[in-house]
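# What the coordinates show
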Amino acid sequence: MVAKDYKPCVPLSAIATSSTHGEDSPYFAGWRAYDDDPYDAINNPSGVIQMGLAENQVSFDLFEKYLEEHQEVSNLVNGVASFRENALFQDYHGLNSFRKAMTSFMEEIRGGKVKFDSNRVVLTAGATAANELLTFIIANPGDALLVPTPYYPGFDRDLRWRTGVNIIPVNCYSSNNFQITKQALEDAYAKAEKANIPVKGLLITNPSNPLGTAITRPVLKEIFNFISTKNIHLISDEIYSGSVFSSEEFTSVAEMVQERGYYDAQRVHIVYSLSKDLGLPGFRVGAIYSYNDAVVTTARRMSSFTLVSSQTQKMLSPMLSDVNFTKNYIKTNRDRLKRRYEYVVERMRECGIECLHGNAGLFCWMNLKPLLEEATMEGELKLWEMILKDLKLDISPGSSCHCTEPGWFRVCFAKMNIKTLDVALARLTSFMEKRKKT
Amino acid sequence: MMSTKAARNSHGQDSSYFLGWQEYEKNPYHPTTNPRGIIQMGLAENQLSFDLIESWLESNPDVLGLKHDGASVFRELALFQDYHGLPSFKNALAEFMAELRGNKVQFDPSNIVLTAGSTSANEILMFCLTNPGDAFLVPTPYYPGFDRDLKWRTGAEIIPIHCSSRNNFEITKGALEEACIRAQKKKLRVKGVLVTNPSNPLGTTLTQHELEILVNFISAKRIHLISDEIYSGTSFGTPEFISIAEVIKGRKDDVEDRVHIVYSLSKDLGLPGFRIGAIYSSNKAVVAAATKMSSFGLISSQTQYLLAMLLSDKHFTASYMKENKRRIKVRHDQLVEGLAGIGIRCLESNAGLFCWVDMRHLLKDKTFNGEMELWKKIVYDVGLNVSPGSSCHCTEPGWFRVCFANISTETLDLAMQRLASFVELSGPGEGPPTRSRGHKALINWVRRSALADRRTER
């Protein structure tokens, strides 16, 4: 079928024609550049290396080993005998065994410091759906969620597009390593009040994307006081919780809730997914954990629009319930990510580039201010374009993450193998060396 | 502390449709462990042809184990989250959809948007085509889930197109116009019409005439048409199923840009748990917007892989479709004849996993209250979960949707026996004085005369 010039014959909705899906951002443009010219060690050695996609491929071998060693279990569980029952299962409560497996895994990640009730887990097809769903539940069109900057570019779409809800940024600065402060929260709230926009919640990502840092306890305490005082919800997207380099450095909001004896827990909700920690974005496994019964009930009903394939729930259940496997996976994954991170940071330091001191995630928050021709957003975009076109590296400019200060870039390091990472680092270091000479 | 949407009951779960399911869950029939439990006839599932799929899986053991030609494809699938979908799956789906329509039309895979079930597909189309407060016209009776799927989070409204038993619930031009006028009176902008073809709950396919009326109507009003063809593979009789795609093929005007098809593998293949839905549209702007929105409900890559392999086997799909339809017809006939034996008529149907049953004569009170009273008796006293017409927004009390493809032949027989006893005891009714199992000759006589009656309908 030949594509014809599209002339709208009858208008589509405002949502369909708006650009709130956010895909015109350089964040996504970089992905497209990679898709058009992807690096391959043999077939396309001068192609674009993808460092703009926060995927975790460092620990797949652990899965593959598990699957091989557990063939019989796999065949039994994934075999034909139980196919029919599984294919019919569309209950939005999800498979009991799978919800319990998710709960067990989430507890494992938090070092056993937290107890989760599997009846409070609502499954969704990815965290993308979980965040949108929670927004639909806690906010009306025209309301706002406060979100600390810099934040994951996808939030512009996930929280705002179909919900009609606004994002009011809570501005964070490099002067204190981009930590959230009481003042920043108050400022953001005041801004919303001035504009007559009702604030319904605060959404934090912990550990942070794109910063790669876990939120500290003192900051979490401030956050809890703030949401109580303002009587708003707290959504804690803990999608990278399994990617913290050491579990002592991560405090989940679940721990805070437990320590406070579940006082005022009604306003707290956690989002999780297997896309980052386990590196399984294709299987679309997300979850909401809420301490609020009404939210759990409503979320469950709404999850009809975004259920997890029962085939996938069945496949992953045994793996996630196998505590030996998950303990070993979490530890190994953390170690490998930590080593990758340290390697990248060290190589960058050698050529004069500093990164924010991070302790989590699949990326570094890199300070390229010294490379800017002008310390403005335009200057940053120019640098981004140059790095994409000349160095053939897709890295994400801070402005696409709504960072207040130009010059910061998110650089992902967990998607490629070490050889490709070396190629990428070599391109950067050789560029830095050339620059020093001029 | 929750949004208006969350607090509203537009999710529709307080409807008798869902309440019936809940009652079944509390007391589910089982032939040995709970023989007096409630028989589920309110769930339109297709459990008739699993053995065909199972046998294919046994012959293709690699697929469930995520292997291709012996090598693991786990990693590749685990990473695949492109909202354009697995190309091999979309290609296979496009061809399958064409086969279902006797290859009278072809589908372009790049016009397909994959979604987690048709529940998601219908909602996404509404987000693309309506602003909050706009309306879609939907013929009654309709699938109860539409109240949630089309309205809940989108803020759109449904204006029913009233259809009547006087002409077998067919859609008429007059009914369409009348619905438009009602929308105008409510100051609602009509953005389109949504039809289900074959119909749920009627079990009938739209006639050529109805399809032409619809296309002319949307063309004149310059609005959209969504055709939910989720039951297209369940059509088993005459007249043959005609897809909207066939009707608009070759038109020189731009109607094609306003016609969108929804499909799913939940009914035809009986795989509701795997969440496989799709939107098909020639309108590039709709495809572009819907594709982005599908991020909120992508199909698991593991499942896309399974279906890509299954549907690419043309030998399998051809034999499956034929055998599946044959079994649906047999089961349909069993229900129809069983009901006829009790003096209960059904709307003559040629598709679907259910019959639209006329129990008007069993109402004590010819009102919707009367229908509810009868429904409660059927659920609690007779032990059958059936769906009352009011839950489907039918304008006339006394009609019920009764599903037949999710239970065994034996259970269906038992359901008929229970119903027969109930009809015999309760009166009023034109039902014959049947006495449970003994009077086969009498029952057969009644059946034969009921069949003769039905041939004169429609």
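Everything discussed here concerns the structure shown above.
## Points about the overall build of chain A
Along the backbone of chain A there are 16 helices and 13 strands. Its C-alpha atoms give chain A a radius of gyration of 22 Å, within 12% of the compact-globule value 22 Å for 438 residues. C-alpha atoms of chain A, sized along the principal axes, occupy 65 × 60 × 55 Å. Intrachain contacts of chain A at a sequence separation of at least 6 include 76% that bridge at least 24 residues. When the accessible surface of chain A is split by element, carbon and sulfur atoms take 52% of a total near 16,700 Å². Placing the 49 positive and 51 negative side-chain charges of chain A at their respective mean positions leaves the two points 1 Å apart.

## What about the layout of surface pockets?
Roughly 1,200 Å³ of internal volume is contained in the second largest pocket. Forming the walls of the second largest pocket are 45 residues, and the residues nearest its centre are Trp 31, Leu 53 and Glu 55 of chain A together with Gln 81 and Asp 82 of chain B. For the lining of the second largest pocket, the secondary structure elements donating two or more residues are helix H2 (26–36), helix H7 (127–138) and helix H8 (155–158) of chain A together with helix H4 (74–79) of chain B. In terms of residues, the lining of the second largest pocket owes the most to one element, H2 of chain A, which gives six residues. The class makeup of the residues in the lining of the second largest pocket is 19 nonpolar, 13 polar and 13 charged.

## Things to note about the interface of chain B and chain A
Facing 73 residues of chain B, the contacting portion of chain A comprises 73 residues. Roughly 6,800 Å² is buried in total at the junction of chain B and chain A, and carbon and sulfur atoms are behind 60% of that figure. Taken as a group, Met 1, Phe 74 and Phe 296 of chain B account for 13% of the area that chain B buries against chain A, more than any other trio of residues on that side. Here chain B is connected to chain A by two salt bridges. The partner of Glu 54 of chain B in a salt bridge is Arg 84 of chain A, and the shortest N-O contact between them spans 3.0 Å. Where chain B touches chain A, the interface holds 20 residue pairs in polar contact (both at pLDDT 80 or more). Put simply, the parts of the chain that give the side of chain B that touches chain A at least two residues each are helix H1 (4–7), helix H3 (50–59), H4, helix H6 (117–129), helix H7 (146–151), helix H11 (284–293) and helix H12 (301–312) of chain B. With seven residues, the single largest contributor to the side of chain B that touches chain A is H6 of chain B.

## Regarding the sheet that holds strand E15 (residues 399–403) of chain B
Residue and element names in this part refer to chain B. Read across the open sheet, the four strands follow the order E11-E12-E15-E14; overall the sheet is antiparallel. Edge positions in the sheet fall to strand E11 (345–346) and strand E14 (387–388), since each has one partner strand and no second. The pairing of E14 with E15 spans two bridges and is antiparallel. Bridging across to E15, Ser 387 finds its partner in Arg 401.

## Thoughts on the side chain of Asn 140 of chain A
The topology assignment puts Asn 140 of chain A in the loop between H7 and strand E3 (144–148). Engagement of the side chain of Asn 140 of chain A in a polar contact is seen with the backbone nitrogen of Thr 4 of chain B, the distance being 2.7 Å. Discounting residues that sit within four places of it in the chain, Asn 140 of chain A has contacts with Val 165 and Lys 200 of chain A together with Ser 3, Thr 4 and Lys 5 of chain B.

## Some thoughts on empty space enclosed by the protein
Residue and element names in this part refer to chain B. On inspection of all chains with the given rule, the structure shows eight cavities of 30 Å³ or more. The computed volume of the largest cavity comes to approximately 180 Å³. Along its surface, the largest cavity is lined by 22 residues, and Pro 139, Thr 196, Ser 199, Leu 202 and Leu 206 are the ones closest to its centre. Mapped by element, the contributors of at least two residues to the lining of the largest cavity are strand E5 (135–139) and strand E7 (190–196). A total of three residues in the lining of the largest cavity trace back to one element, the largest contributor, which is E7.

Calculation rules
Residues numbered from 1 in each chain as written. Chains lettered and ligands numbered in written order. Predicted model: local features only at pLDDT ≥ 70, side-chain atom pairs only at ≥ 80, totals over all residues. Heavy atoms only, no water. Helix = DSSP H or I, 4+ residues; strand = E, 2+ residues; numbered from the N terminus. Rg over C-alpha atoms; globule rule 2.2 N^0.38 Å. Contact = heavy atoms within 4.5 Å. Areas by Shrake-Rupley, 256 points an atom, 1.4 Å probe, with all protein chains shown as cover. Lys, Arg positive; Asp, Glu negative; His and termini not counted. Charge placed at Lys NZ, Arg CZ, Asp CG, Glu CD. 1 Å grid on protein atoms, 1.4 Å probe; cavity = no way out; pocket = protein on both sides within 12 Å on 5 of 7 lines; lining within 4 Å. Points joined across faces, edges and corners; volume = space filled by probe spheres on them. Nonpolar A, V, L, I, M, F, W, Y, C, P; charged D, E, K, R; others polar. Buried area = accessible area lost by both parts, 1.4 Å probe. Salt bridge = Lys/Arg side-chain N within 4 Å of Asp/Glu carboxyl O. Polar contact = N/O pair within 3.5 Å; in protein donor to acceptor, adjacent residues only side chain to side chain. Pairing = 2+ DSSP bridges.

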